[in-house]
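Summary of structural features
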Amino acid sequence: MRTVRFLLQKEFRQIFRNRAILAMICVMPVVQLAVLPWAADYEVKNVNLAVADHDHSTFSQQLVNSITASGYFRLTGYNGSYQEAMHLVESDQADLILEIPAGFERNLVRENQQKLFVAVNAINGTKANLGGAYLAEIIKNYNQRIRTELISEAGEPIHVIEITSSNWFNPLMNYKVYMVPGILAILITMIGGFLSALNIVKEKEVGTIEQINVTPIRKHHFILGKLIPFWVLGNVVFTLGLIVSWVIYGIIPAGNLAVLYAFISVYLVSVLGFGLLVSTFCDTQQQAMFIMFFFMMLFVLLGGLFTSIDSMPEWAKTVTRFNPVRYLIEVMRMVILKGSGMKNILYHLGIVTLFAIGLNSLAVLNYKKTS
Amino acid sequence: MHAVKLDSLTKVYGKEKTVAVDRVSLTVEQGEIFGLIGPDGAGKTSIFRMLTTLLLPDGGHASVDGFDIVKDYAFIRSTVGYMPGKFSLYPDLTVEENLGFFATVFGTTIRENYHLIKDIYVQIEKFKDRRAGKLSGGMKQKLALCCALIHKPTVLFLDEPTTGVDPVSRKEFWEMLKRLKAQGITIMVSTPYMDEATLCDRIALIDQGKILSIETPQNITNSYPDKLYAVKAENMYALLKTLSAYDRAADSYAFGEYAHVSFREAINENLLKDYLREKGLTGVELKEIDATIEDCFINLLRK
């Protein structure tokens, strides 16, 4: 234990002397958490709409009004012909065209039926998809309203199924509440993984490991001396991240903080083990950096932060089971948003524990003092 | 018991099976300065790395202080001192912190073994709060030696400690080694500088992984078989060409401002001078000299 203490003393001295690392640890979580959630927003606003109105009736006016009143759309063109509206799409001034046929009002009242035409510019998939869906929803509501009006004028009873929904755990459907815990999970993974991988490779690169290897320091002492400081730093970054999300976004974990920290503790061990494993394969920091980037990309894109895992194809779902980041993101959202307790995250905790044991054992086996 | 004993130690690298160390056998007595002399790539560092348990041998055996380098590696790691050819202390820790760290790692303190490093440490003590990476080359060398000595090793392995160090510091360094020897520490040192060989008690000349000769420096130069002359002329290039064409000479090569030429037997100096003048060389000077280690090394290589 004495040896580990001296190794820790040395390690912390080096960390506190390295301004770049200190700055990274403090600035990265603050800046990323302060900036990213505002940009990484799924809500599609400001969809540009061009209307080709051939009817110019009260009904068509009402319809266009209710569309623009929804707040999602911006009317960029009110044209008399479809061709004119199409020009707007071609010059990228409109994303959607709504064509209202001539005789819209008349036919609707007289024949109880009318068709509208919607054309969507599908170059930006998300915008097209959501914009189209929003528009359909608005038209449906409008349709409902007209029917109600018309039928009640006729004095017949109305049979309407009204759907109201309530968003649990995130009542206002605020995307930031959903993104911030996920981004924090990625931050922890990056800082833990990169720091441990690069640090040990640096000892190889500078040659100091040579001098360490001829000392009586035991393998597990050396590795503990490396893991503990970064484990502590990981917890510091996590705490910093929680504070930032409370101060900026007012996110207060609904669940128990102790549950969150218990999970993070184990999770950090697994991520540090991964960094350690990478470092045993590399001789230079450049190699380590590239390998870590490769895995980080996979971890982030297959972690369920930006895209829902449930909507991935089967093979991708299988891959995500081997991604520790996925479990952290899930647990973060469960505990912070839903208030899950220890019992609910036991499955995740179990898997991450397996990762921690497996990765660290592999790393220790692969770390040799003698070549 | 020998301080270090190598018994046909062999190291082979890579797929091409490059033999870096080829069945090397030698012994180092306790309390002597043993030099491993050879050019770059001779296998000196490989031998050091095997003896300090950083590299596994591919054949043969070796022991340090009676401990086998493979089986008893743990004992060796706590008893020997190793100073690698490349500076490998923590550049972001200060002089004092580096020394303190290596002392504690070996379970000792600076104070306990201060007498061993005192002579060397006083020279760098005024920089003790400076980071090791910011020291000059000679200072780094001294700090590295202090760190290798701080746990009172029985055998000290120094891998090319004077490479890249200025002549004055090199001389100082060897004086330090002599003082350490007086304290009873066995020192095994490697160097590509032939002039440092005479400062060792015994040396092994090594080339391409093979030992050419193991002797005291005196015996090595004494056993030089031929007569050796130093020759000088105004046109050095023409002189070397003429000498190599001279079939009575056993060998000839450039050596600083002179050319060295060896003969199997004593010769009439005037005859050689006349021959050289005949070939159109001017300003010819000639004198018989004693062989240096380098002459012996070249002689052994040519065999």
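These numbers come from a predicted model, not from an experiment.

Regarding the overall build of chain B
- What chain B contains, in helices and strands, is ten helices and 14 strands.
- Reported as C-alpha extents along the three principal axes, the dimensions of chain B are approximately 70 × 45 × 40 Å.
- Residue burial in chain B is summarised as follows: out of 303 residues, 52% are buried.
- Residue pairs at least 24 apart in sequence account for 69% of intrachain contacts in chain B once pairs closer than 6 positions are excluded.
- Working note: accessible area of chain B is about 13900 Å², and carbon and sulfur atoms make up 49% of it.
- Of note, chain B has its 38 positive side-chain charges centred 4 Å away from the centre of its 41 negative side-chain charges.

Re the packing of helix α1 (residues 2-17) of chain A against helix α3 (residues 95-105) of chain B
- For the pair α1 of chain A and α3 of chain B, the least separation of the axes is 10 Å and the interaxial angle reads 160°. When the axis of α1 of chain A is compared with that of α3 of chain B, the two are roughly antiparallel. Here the hand of the crossing between α1 of chain A and α3 of chain B comes out left-handed. From α1 of chain A, Arg2, Phe6, Leu7, Lys10, Arg13 and Arg17 of chain A reach across to α3 of chain B, where they touch Glu97, Phe101 and Thr104 of chain B.

Notes on the domain arrangement of chain B
All names here are of chain B.
- Domain annotation for chain B reports domain 1 (4-221) and domain 2 (225-302).
- Its C-alpha centre places domain 1 at a distance of 37 Å from the equivalent point of domain 2.
- With 15 residues of domain 1 at the interface, the matching set in domain 2 holds eight residues.
- For the pairing of domain 1 and domain 2, the buried interface totals around 850 Å² over both sides, and the portion due to carbon and sulfur atoms is 88%.
- Considering only the side of domain 1, the residues that lose the most area to domain 2 are Met194, Leu212 and Thr221, jointly responsible for 57% of the buried surface there.
- On inspection of domain 1 and its partner domain 2, the count reaches zero residue pairs in polar contact (both at pLDDT 80 or more).
- Every element with two or more residues in the side of domain 1 that touches domain 2 is listed here: β9 (202-207), β10 (210-215) and α7 (217-222).
- With four residues, the top contributor of residues to the side of domain 1 that touches domain 2 is β9.

Some details on the nonpolar core
- Counting 125 residues, the largest nonpolar core has Phe263 of chain A together with Leu145, Leu156, Leu158 and Ile187 of chain B as its most contacted members.
- Top element by residues in this core is helix α7 (residues 175-206) of chain A. It accounts for 16 residues.
- With near-sequence residues (within four places) excluded, Phe263 of chain A lies in contact with Tyr327, Leu328, Val331, Ile345, His348, Leu349 and Val352 of chain A.
- Ranked by size, the runner-up nonpolar core spans 30 residues in total, among them Met50, Ala62, Met188 and Ala204 of chain B.

Observations regarding the domain arrangement of chain A
- When cut into domains, chain A gives domain 1 (2-40 + 171-366) and domain 2 (47-154).
- Look at where the C-alpha atoms of domain 1 of chain A and domain 2 of chain A centre, and you get two points 49 Å apart.

Overview of the sheet that holds strand β13 (residues 258-263) of chain B
All names here are of chain B.
- With respect to topology, four strands assemble into an open sheet ordered β12-β13-β11-β14, the strand pairing being antiparallel. Edge strands, defined here as strands with exactly one partner in the open sheet, are β12 (251-255) and β14 (285-289). Strand-to-strand, the axes of this sheet are offset by a mean angle of 25°, without reference to chain direction.
- In terms of strand pairing, β12 meets β13 through five bridges, oriented antiparallel. Among the inter-strand pairings, Ser252 is bridged to a residue of β13, identified as Val261.
- The sheet strands contacting helix α9 (residues 269-278) are β11 (227-232), β13 and β14, and the helix crosses β14 at an angle near 145°.
- Relative to the sheet, helix α10 (residues 293-302) contacts β11, β12 and β13, its axis offset from that of β12 by approximately 135°.

Quick word on the pattern of salt bridges
All names here are of chain B.
- In the structure shown here, the tally under the stated rule is 26 salt bridges over all chains.
- The salt bridge partner of Asp195 is Arg170, with a shortest N-O separation of 3.0 Å. Taken as a pair, Asp195 in the loop between β8 (186-191) and β9 and Arg170 in helix α6 (residues 167-182) lie far apart in primary sequence, 25 residues in all.
- On the basis of relative accessible area, Asp195 is assigned to the exposed category, the value being 51%.
- On the basis of relative accessibility, which here comes to 14%, the residue Arg170 falls in the buried class.
- With its nearest N and O atoms 3.8 Å apart, the salt bridge here joins Asp274 to Arg277. Taken together, the residues span about one helical turn, with Asp274 and Arg277 both in helix α9 at a distance of three residues.

Concerning the sheet that holds β10 of chain B
Residues and elements named next belong to chain B.
- What the six strands build is an open sheet, ordered β6-β7-β8-β3-β9-β10; its pairing is mixed. The strands lining the two open edges of the sheet, one partner per strand, are β6 (80-83) and β10. Adjacent strand axes in the sheet meet at a mean angle of 15°, parallel and antiparallel pairs treated alike.
- Sheet analysis places strand β3 (residues 33-37) next to β9, joined by four bridges and oriented parallel. What sits directly across from Phe34, in β9, is Arg202.
- Against the sheet, helix α5 (residues 137-149) makes contact with β6 and β7 (155-159), and its axis sits at roughly 160° relative to β6, the strand it touches most.

Focus on a nonpolar patch on the surface
Residue and element names in this part refer to chain A.
- Taken together, the side chains of Trp38, Ile243, Trp246, Val247, Ile248 and Ile252 define a hydrophobic patch exposed on the protein surface, amounting to about 670 Å² of accessible area.
- The biggest single contributor to the nonpolar patch is helix α9 (residues 219-249), with four residues.
- By relative accessible area, Ile252 is classed as exposed at 57%.

A short note on the interface of chain B and chain A
- Across the contact, 27 residues belong to chain B and 24 residues belong to chain A.
- When chain B packs against chain A, close to 2500 Å² is buried across both sides, 57% of that on carbon and sulfur atoms.
- Contact with chain A buries area across many residues of chain B, yet Leu54, Arg77 and Tyr90 of chain B alone supply 25% of it, more than any other trio.
- Counting the contacts that link chain B with chain A gives four salt bridges.
- Here Arg17 of chain A makes a salt bridge to Glu97 of chain B, at a shortest N to O gap of 2.7 Å.
- Summed over the shared surface of chain B and chain A, the number is eleven residue pairs in polar contact (both at pLDDT 80 or more).
- Listing elements by their share of the side of chain B that touches chain A, those giving two or more residues are α2 (73-79) and α3 of chain B.
- Of the residues forming the side of chain B that touches chain A, the biggest block, five residues, is contributed by α3 of chain B.
- For the side of chain B that touches chain A, the residue count by class is 14 nonpolar, seven polar and six charged.

Scoring rules and cut-offs
Residues numbered from 1 in each chain as written. Chains lettered and ligands numbered in written order. Predicted model: local features only at pLDDT ≥ 70, side-chain atom pairs only at ≥ 80, totals over all residues. Heavy atoms only, no water. Helix = DSSP H or I, 4+ residues; strand = E, 2+ residues; numbered from the N terminus. Buried < 20%, exposed > 50% of the residue type's maximum accessible area, 1.4 Å probe, protein only. Contact = heavy atoms within 4.5 Å. Areas by Shrake-Rupley, 256 points an atom, 1.4 Å probe, with all protein chains shown as cover. Lys, Arg positive; Asp, Glu negative; His and termini not counted. Charge placed at Lys NZ, Arg CZ, Asp CG, Glu CD. Axes fitted to C-alpha atoms, helices over the stretch in contact; angles between N-to-C directions. Parallel < 35°, antiparallel > 145°, perpendicular 65-115°, else oblique. Left-handed = near helix turned anticlockwise from the far one by under 90°. Domains from an automatic or database assignment. Buried area = accessible area lost by both parts, 1.4 Å probe. Polar contact = N/O pair within 3.5 Å; in protein donor to acceptor, adjacent residues only side chain to side chain. Core = buried A, V, L, I, M, F, W, Y, C linked by side-chain atoms within 4.5 Å. Pairing = 2+ DSSP bridges. Salt bridge = Lys/Arg side-chain N within 4 Å of Asp/Glu carboxyl O. Patch = residues over 30% accessible without salt bridge, like charges linked within 9 Å, V, L, I, M, F, W, Y side chains within 5 Å. Nonpolar A, V, L, I, M, F, W, Y, C, P; charged D, E, K, R; others polar.

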